[in-house]
2 protein chains.
Amino acid sequence: MVTKSKNKLKIIPLGGLGEIGKNITAIEYDDEIIAIDCGLGFPDEEMYGIDLVIPDITYLLNNREKVKCFVLTHGHEDHIGALPYILKQLNVPVYGTKLTLELVKSKLEEHNILSNCTLSEVKPDEEIKTEKFSIEFIRTCHSIADACALAIRTPEGVIIHTGDFKVDYTPIDGEMINLQRFAKLGTQKVLLLMADSTNVERSGYTVSERVIGENLTRLFSVAKGRVIVATFASNINRIQQIINSSLFHGRKVAFSGRSMEKISNIAIELGYLQLPEDQLISIDDINRYPSNKITIITTGSQGEPMAALSRIAYSNHKKITIERGDLVIISASPIPGNEKLISRLIDELFKKGAEVIYNSLEEVHVSGHACQEELKLMHTLIKPKFFMPVHGEYRHLRQHALLAENLGMDSQNIFILETGQVLELSKNSANKSGRVSSGSIMIDGFGIGDVGNIVLRDRKHLSQDGILTVVVTIDKASFSVLSGPDIITRGFVYVKESGDLLNEATEIVKIEIDKCMEKKIKEWLVIKSNIKYSLGEFLYNKTKRRPIILPIIMEI
Amino acid sequence: MVTKSKNKLKIIPLGGLGEIGKNITAIEYDDEIIAIDCGLGFPDEEMYGIDLVIPDITYLLNNREKVKCFVLTHGHEDHIGALPYILKQLNVPVYGTKLTLELVKSKLEEHNILSNCTLSEVKPDEEIKTEKFSIEFIRTCHSIADACALAIRTPEGVIIHTGDFKVDYTPIDGEMINLQRFAKLGTQKVLLLMADSTNVERSGYTVSERVIGENLTRLFSVAKGRVIVATFASNINRIQQIINSSLFHGRKVAFSGRSMEKISNIAIELGYLQLPEDQLISIDDINRYPSNKITIITTGSQGEPMAALSRIAYSNHKKITIERGDLVIISASPIPGNEKLISRLIDELFKKGAEVIYNSLEEVHVSGHACQEELKLMHTLIKPKFFMPVHGEYRHLRQHALLAENLGMDSQNIFILETGQVLELSKNSANKSGRVSSGSIMIDGFGIGDVGNIVLRDRKHLSQDGILTVVVTIDKASFSVLSGPDIITRGFVYVKESGDLLNEATEIVKIEIDKCMEKKIKEWLVIKSNIKYSLGEFLYNKTKRRPIILPIIMEI
């Protein structure tokens, strides 16, 4: 329960704490709420069959009249991906930088709701205002262009939310993180800092994106055939560097993969990506040029089975087949959980005759997040009164709190929150004060939230030992078996080799039904439960497996 | 097909190439075969419900009379774990070092076959002989004590198989890798080198195990409460270092976890582990000592849900509860695929109030495998005529081949094999010559090989979208529906919230049955297939999911 204190400033993370992804934070003062970001999460391995996860925004819906807008820090899925689902329930204006909004637009178009939504572009250094808040966008560096931190002026003081960021002194697009602005704010008393914790376990600095460009150019210089580079479609600066290396070595560039084609198109149109028109070719035309004059930039750096690079590797791509002499560069790091998929993809590419370069062999990727020294810089410039680490698993938040303590901050002023917990602030105080409802809404196909724990538990159980259905038709009047019991299995044993086992199982069921009939037990539930128990024990003793047993009694 | 060449030396890997684990290699000359190692593999994430994987040894069974023995390089699961299953089919003598055989013994005991098996201890530097082969054990360093490489003398020349190894100049047990012996063999013409490729992607050297001891002692010195260290039970040297740090700081040692208790027991008895009797205490007695006088060494460093550390973290351990002030050290690296489990475990320990140290924060683990510089040393000492990289995914084998080439080896003399491929050798030649049957046998509960691709495909399908069973009872004579159709689902949708969907689905089935009856279609198969199709389309259009649809017709 949230305490009913009045006129207090509240920070309410509805996602992104104790987890990677699903970032969304409500900032409330009196009768106004602004929401920062609206990201999606990816299902963990226990969420069988689930496509996506979005935040539970019950709290915002219950305070619908208070919510003034969504303010976006940048255009990554974990910061904007839930918008199409959430705006359908809560249609408020959305503010963000140009590229961020373009990416949002294309999502809203896919969901057919663009025309109903209000998107307003904000430039870095600009400010938007509501009655209680003013929100200033401050440029940062990240693995997507147009990323911003937010300085939010409230009646109690200034809150700085870094968004995802790093410090790159030599950024590709020349757009430096506005360190001076953070420094200036730091001299004016910042009430609360919320800062990105993703890389807090890494010492030192994140290497400049520019270094990757140098390495790519070197690798391109020895490539004898085509160069195929896989990276994240949203990493415009990386793509620019791949383009630069290609043009330097006289290679034309083609894009492959739905999101790569879409985003590169947007980025070229908006001027975020510089690629002379005559140097861009269609995938359909790659065979019209010599191999050593072609670069293909593609999706699939995470080994996603349906993405372009996997289709290329496993010979399922209509236009691209691996040839001996192709150089494939995987310009990305594995997102935890994808290691095995990527490993298999690399093996397959090697087997097909390509050379493959990946991050364990050469430095062809850098992170978009600040390491320890960059975080220290940010803390030191901003000197906030209170600190709340965000964007990370619990252990990252914990390490980030420790880093702040080691910089001299009072541990009493550092707050590690969980998703749904509320931090109340005034000019001089901060304290945790209760919880609001929060959590994960699972999306499976068209279903939003219709798959719950029971369904997931069954899916897990089915995936382990399969299912065994027992059907029997019983005449209600005479209380006799008319047909069956028949046993049908899926995912349990290979039937052809297990005929004996299933015959024995059928006998067990018959005996169980006979027993019930003798005892005149006529409650189907009891008969079903007896069948389940006896058959379950029999099968476990024989196979050490526990399939789901589904007894069905058809009565006539 | 294997060519019918006579008197040729053949190397036949039956596992371990293009994969991590399941190591087993047959070496054949004329009428003799010796098999090196007999390991198990762990199921990949597509092998739903599978417990273990063992190699397909059809080739050995078909040449049963030729097989003279198993020779083991060391006692890790991926080198000895399949023995209990394989020896039941092919009972030949097993040779290995003392600790290796003790670990095998305890496995054979669990499978109740120890008394039928012949285990013979070999000491490092000793040799065993068959008619055609003599096999010399040469000490190496690895993350388990008593690891050996093998020098196999054959009529065509000497083969060296490194087993898993690294070069540690300051090993904890004082038992150095016998570099001199490899150097000596190198001066006497080695025909073929088979060498560990696991860490070939890593530059430089693997840090000495001793460094970990120094770090542990430093960490112990600031620990205020209990120290709980999780590591691999078989890493005796690591456990010795944890013991040393404990004794140095006046802490008693307790072991937790089934394999940890078992293996530490064996190691103490055999003298591989030095721990004064009065310093070893039972887990039952830990509460009789002050917290800062206790070290607990436990299993579960991979986040395995049933292992001791997970049970401790999630408050399911009968004897150990996390207290504020506990220091938990995870002295291991994540095996690929376990990252998320471990990450969740660390979060949970932090939340319960423990300090947690893991490899991203401090150097508390080193690998047991040789990095590039160590591999270069081995190649340079041994100077083989032919080289075959082993123990690794395809990309590791490929990189290892490249490393050998860079050392000046002729690429014609390097052979990357797949599991099941045959390498034929003579004094002056080597070439790939066909294949033998090979593969993975999946173990699920008591079932060995009874789960095949169809069952796995169904389990995967069930795990994604669940199952929907449609039952209807039909009177054969009158060709009319007596009962049903009834629809029961598992893992598809939460029924209470989807009543309408399932009602509509029932209507679809009724219509489909009516259609068949009108058309006088009396083949159950046709009716079932029509139900499947119509219902499948309906459900996909409504939910974008494709559950397994199981139509059952009961006829009377």
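Residues numbered from 1 in each chain as written. Chains lettered and ligands numbered in written order. Predicted model: local features only at pLDDT ≥ 70, side-chain atom pairs only at ≥ 80, totals over all residues. Heavy atoms only, no water.

**With respect to the packing of helix 4 (residues 98–110) of chain A against helix 8 (residues 258–270) of chain A**
Residue and element names in this part refer to chain A. The N-to-C vectors of helix 4 and helix 8 enclose an angle of 135°; their axes lie 11 Å apart at closest approach. The angle between helix 4 and helix 8 places the two elements in the oblique class. Regarding helix 4 and helix 8, the two cross each other, and that crossing is right-handed. Side by side, helix 4 and helix 8 meet where Lys 98, Leu 99, Glu 102, Leu 103, Ser 106 and Glu 110 of the first sit next to Arg 258, Lys 262, Ile 263, Ile 266 and Leu 270 of the second. Of the residues contributing to the contact of helix 4 with helix 8, the split by class is 5 nonpolar, 1 polar and 5 charged. (Axes fitted to C-alpha atoms, helices over the stretch in contact; angles between N-to-C directions. Helix = DSSP H or I, 4+ residues; strand = E, 2+ residues; numbered from the N terminus. Parallel < 35°, antiparallel > 145°, perpendicular 65-115°, else oblique. Left-handed = near helix turned anticlockwise from the far one by under 90°. Contact = heavy atoms within 4.5 Å. Nonpolar A, V, L, I, M, F, W, Y, C, P; charged D, E, K, R; others polar.)

**A closer look at the pairing of strand 9 (residues 134–139) of chain A**
Residues and elements named next belong to chain A. With respect to burial, strand 9 is a largely interior element, 6 of its 6 residues being buried. Looking at chain direction, strand 8 (residues 127–129) and strand 9 are connected through 3 bridges and run antiparallel. Looking at the pairing, Ile 128 lines up with Ile 135 of strand 9. As consecutive antiparallel partners, strand 8 and strand 9 are separated by 4 residues. (Buried < 20%, exposed > 50% of the residue type's maximum accessible area, 1.4 Å probe, protein only. Pairing = 2+ DSSP bridges.)

**A few points about the interface of chain B and chain A**
The interface of chain B with chain A comprises 69 residues on the first partner and 69 residues on the second. At the boundary of chain B and chain A, one finds 6 salt bridges. Among the salt bridges present, the one from Arg 344 of chain B reaches Glu 45 of chain A, with a minimum N-O distance of 3.0 Å. On inspection of chain B and its partner chain A, the count reaches 27 residue pairs in polar contact (both at pLDDT 80 or more). (Salt bridge = Lys/Arg side-chain N within 4 Å of Asp/Glu carboxyl O. Polar contact = N/O pair within 3.5 Å; in protein donor to acceptor, adjacent residues only side chain to side chain.)

**Considering the packing of aromatic side chains**
Summed over all chains, the structure comprises 3 aromatic pairs over all chains. Note that Arg 546 of chain A overlies the ring of Tyr 540 of chain A, its terminal NZ or CZ placed 4.0 Å from the centroid. (Phe/Tyr/Trp six-rings, centres within 6.5 Å; stacked < 30°, edge-to-face > 60°. Lys NZ or Arg CZ within 6 Å of the ring centre and 35° of its normal.)

**Overview of the sheet that holds strand 17 (residues 355–357) of chain B**
Residue and element names in this part refer to chain B. In spatial order, the strands read 14-15-13-16-17; together these 5 strands make up an open sheet with parallel pairing. For this open sheet the edge positions go to strand 14 (252–256) and strand 17, each flanked by a neighbour on one side alone. Strand-to-strand twist across the sheet, computed as the mean angle between neighbouring axes with direction ignored, equals 20°. Across 5 bridges, the pairing between strand 14 and strand 15 (residues 294–298) is parallel. Paired with Lys 252 across the strands is Ile 294, a residue of strand 15. Sitting on the sheet, helix 7 (residues 236–248) touches strand 13 (227–230), strand 14 and strand 15, and the angle it makes with strand 15 is about 170°.

**Observations regarding the environment of Val 104 of chain B**
Residues and elements named next belong to chain B. Turning to its location among the elements, Val 104 is positioned in helix 4 (residues 98–110). Along the sequence, Val 104 and Ile 552 sit 448 residues apart, while their C-alpha atoms lie 49 Å from each other. Beyond its immediate chain neighbours, meaning those up to four positions away, Val 104 contacts Leu 72, Ile 80, Leu 83 and Leu 119.

**Quick word on the relation of the copies chain B and chain A**
Once chain B is rotated about the relating axis by 180° and shifted along it by 0.0 Å, it coincides with chain A to within an RMSD of 0.1 Å. Interpreted geometrically, this transformation is the action of a two-fold axis. The C-alpha atom lying nearest the rotation axis in chain B is that of Ser 463 of chain B; the distance is 2.4 Å. In this assembly the copies share their binding face: 100% of the residues contributing to the interface of chain B also contribute to that of chain A. (Least-squares fit on C-alpha atoms with pLDDT ≥ 70 in both.)

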